[in-house]
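Residue strings, one per chain:
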Amino acid sequence: MHDIKAIRENTEAFEAAWSAKGKSGSASEAVKLDAQLRAAQTALQEAQAKRNESSKLIGQAKAQKDEAEAARLMAEVEALKGRMAEAAEEESLVGAKLKDLLASLPNIPAPEVPEGDDETGNVEQRRWGDRSKLPAGRLNAPKDHVDLGAALGGMDFEAAARMSGARFVVLKKEIARLERALGQFMLDLQTVEHGYTEISPPVLVKDEALFGTGQLPKFAEDLFRTTGDHWLIPTAEVSLTNIVREQVTGEEELPLRLTALTHCFRSEAGASGRDTRGMIRQHQFQKVELVSITTPDQSEAEHERMVECAEAVLKKLELEFRTMLLCKGDMGFGARKTYDLEVWLPSQATFREISSCSNCGDFQARRMDARFKKAGEKGTHYVHTLNGSGLAVGRTLVAVLENYQDEGGRIHIPAVLQPYMGGLTHIGGAA
């Protein structure tokens, strides 16, 4: 959500930013509606003031037994009531249009975000790892996770389809345990080593929560709604960020660093025909989410720290990955700046997104009315919010299965996960 005053004062800058994201003319339209709204508000206030003045004069005219003047003033008051009603209606209609427009407009990219219309404009920042050192690095034709999972008896898409339809999976035996191990490992890493506070939040939320983080109203078709007035969260970002909704936090409490391992639910309405095979794009999946609530002067450094915390998961798993700075056209609705982590998948011979870490500035805070207060000051300021995956568990499972497969179809368990697997060193063969 944006401050209309800021748009009035920097119309050209907002227009340029939104034009780069396909929203040409939005800043000018917002300023136009704002001018109409203020004109309606002024007309209403002037009519109210005139009515109040005339109402007083009616009493004076009657006291002086000037019935003609009293009648004229009463007629004037009635006319003013009509003008007030028209101005109030105009204020309501234009105000709603302006609010809807502002709610539909994406965040403004940070100055250092590169130009670009899609993922081809993203810029690689760094790369880590050596795929040739992993078991799959020695294979000429590595299998994908679907074939591996089926051969090991641990992945059943047909059973899931019978009960739930497409884009679901039933995990079994050691692969189910490996998924659980990954989630627990990630959660322990982020809490014990990186200082995030573990949260167990609701996965059902109301409209206001999704509006606050920017999923509503624009992305309703990507969500699952219950028969009541709740939605299933697409990411724990929604639940964690809304903890500070309509709250004033002391500056000394910031940054707040929160993490949660939850199920997430996405309809994938915009992904028809994409990644239909396997676990890359599912309706239901688990994810460890990272959220930071900071002051504006902390947020840039906190963003870099968050990316490092997500990268640490892949480093400990010894999976090759690259860190990408997204261009303007590829960033999400609420993001001011985003880094994506992309892990190497042998079966596809390419890097695939496994984490997205975004700095939203005060964009979400304005929608949630989340503020902080400096000690000794009367006023409050909007917080900055940041979110990232640390990591998506299903996609990490895919990466582990594919990168740690050997020529016999066994899966080597990464050393860091073996304590979570009861000391098991392989899936599909003797330890």
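Residues numbered from 1 in each chain as written. Predicted model: local features only at pLDDT ≥ 70, side-chain atom pairs only at ≥ 80, totals over all residues. Heavy atoms only, no water.

Novice: How would you sum up the UniProt feature "coiled-coil region" (unreviewed entry) in the chain? Please name residues and give values.
Specialist: Residues annotated by UniProt as "coiled-coil region" (unreviewed entry) correspond here to residues 30–90. Across residues 30–90 one finds 95% helix and 0% strand; the C-alpha atoms that close the span lie 16 Å apart. (UniProt positions renumbered as here; feature names shortened; annotations may be inferred. Helix = DSSP H or I, 4+ residues; strand = E, 2+ residues; numbered from the N terminus.)

Novice: With reference to specific residues and values, describe helix H2 (residues 11–19).
Specialist: Residues of H2 that are buried: Phe14, Glu15, Ala17 and Trp18. Buried residues of H2, viewed axially, fall in a sector of 165°; they line one side. Against the buried residues of H2 lie helix H1 (4–9) and helix H3 (26–63). (Buried < 20%, exposed > 50% of the residue type's maximum accessible area, 1.4 Å probe, protein only. Arc of directions from axis to C-beta. Contact = heavy atoms within 4.5 Å.)

Novice: An account of the sheet that holds strand E7 (residues 231–232) is requested, with residue identities and associated values reported.
Specialist: Taking strand neighbours across the sheet as the criterion, the 3 strands line up as E5-E7-E6 in an open arrangement whose pairing is antiparallel. Edge positions in the sheet fall to strand E5 (204–205) and strand E6 (224–225), since each of these pairs with one other strand and no more. (Pairing = 2+ DSSP bridges.)

Novice: Would you mind going over the packing of H3 against helix H4 (residues 67–104) in detail, with residue names and values included?
Specialist: Between H3 and H4, whose axes approach to 8 Å, the crossing angle comes to 160°. Classed by the angle they form, the pair H3 and H4 counts as roughly antiparallel. Of the two possible hands of crossing, H3 and H4 adopt the one that is left-handed. Of the residues in the contact of H3 with H4, the class split is 22 nonpolar, 7 polar and 10 charged. (Axes fitted to C-alpha atoms, helices over the stretch in contact; angles between N-to-C directions. Parallel < 35°, antiparallel > 145°, perpendicular 65-115°, else oblique. Left-handed = near helix turned anticlockwise from the far one by under 90°. Nonpolar A, V, L, I, M, F, W, Y, C, P; charged D, E, K, R; others polar.)

Novice: Can you break down helix H7 (residues 173–193) residue by residue, with the values?
Specialist: In this model H7 runs 29 Å from its N-terminal to its C-terminal C-alpha over 21 residues, within 8% of the 30 Å that 1.5 Å per residue would give. Taken as a whole, H7 has its buried residues at Ile175, Leu178, Glu179, Ala181, Leu182, Gly183, Phe185, Met186, Leu187, Leu189, Gln190 and Thr191. Phi for Gly195, located one or two positions after H7, is positive at around 80°. (Expected span 1.5 Å × (residues − 1).)

Novice: Please give an account of the layout of surface pockets that cites residues and values.
Specialist: Its volume calculated, the second largest pocket comes out at about 340 Å³. Along the wall of the second largest pocket there are 17 residues; nearest its centre are His2, Phe14, Ile108, Arg336 and Asp362. Class assignment for the residues of the lining of the second largest pocket results in 8 nonpolar, 5 polar and 4 charged. (1 Å grid on protein atoms, 1.4 Å probe; cavity = no way out; pocket = protein on both sides within 12 Å on 5 of 7 lines; lining within 4 Å. Points joined across faces, edges and corners; volume = space filled by probe spheres on them.)

Novice: Tell me about the pairing of strand E10 (residues 284–294), and please be specific about residues and values.
Specialist: Across the 11 residues that make up E10, a large majority, 10, are buried. Where strand E9 (residues 256–265) and E10 come together, 10 bridges link them in antiparallel fashion. By the bridge assignment, Leu256 is partnered in E10 with Ile293. Bridging between E10 and strand E16 (residues 384–392) involves 7 bridges; their strand directions are antiparallel. Paired with Leu290 across the bridge in E16 is Gly388.

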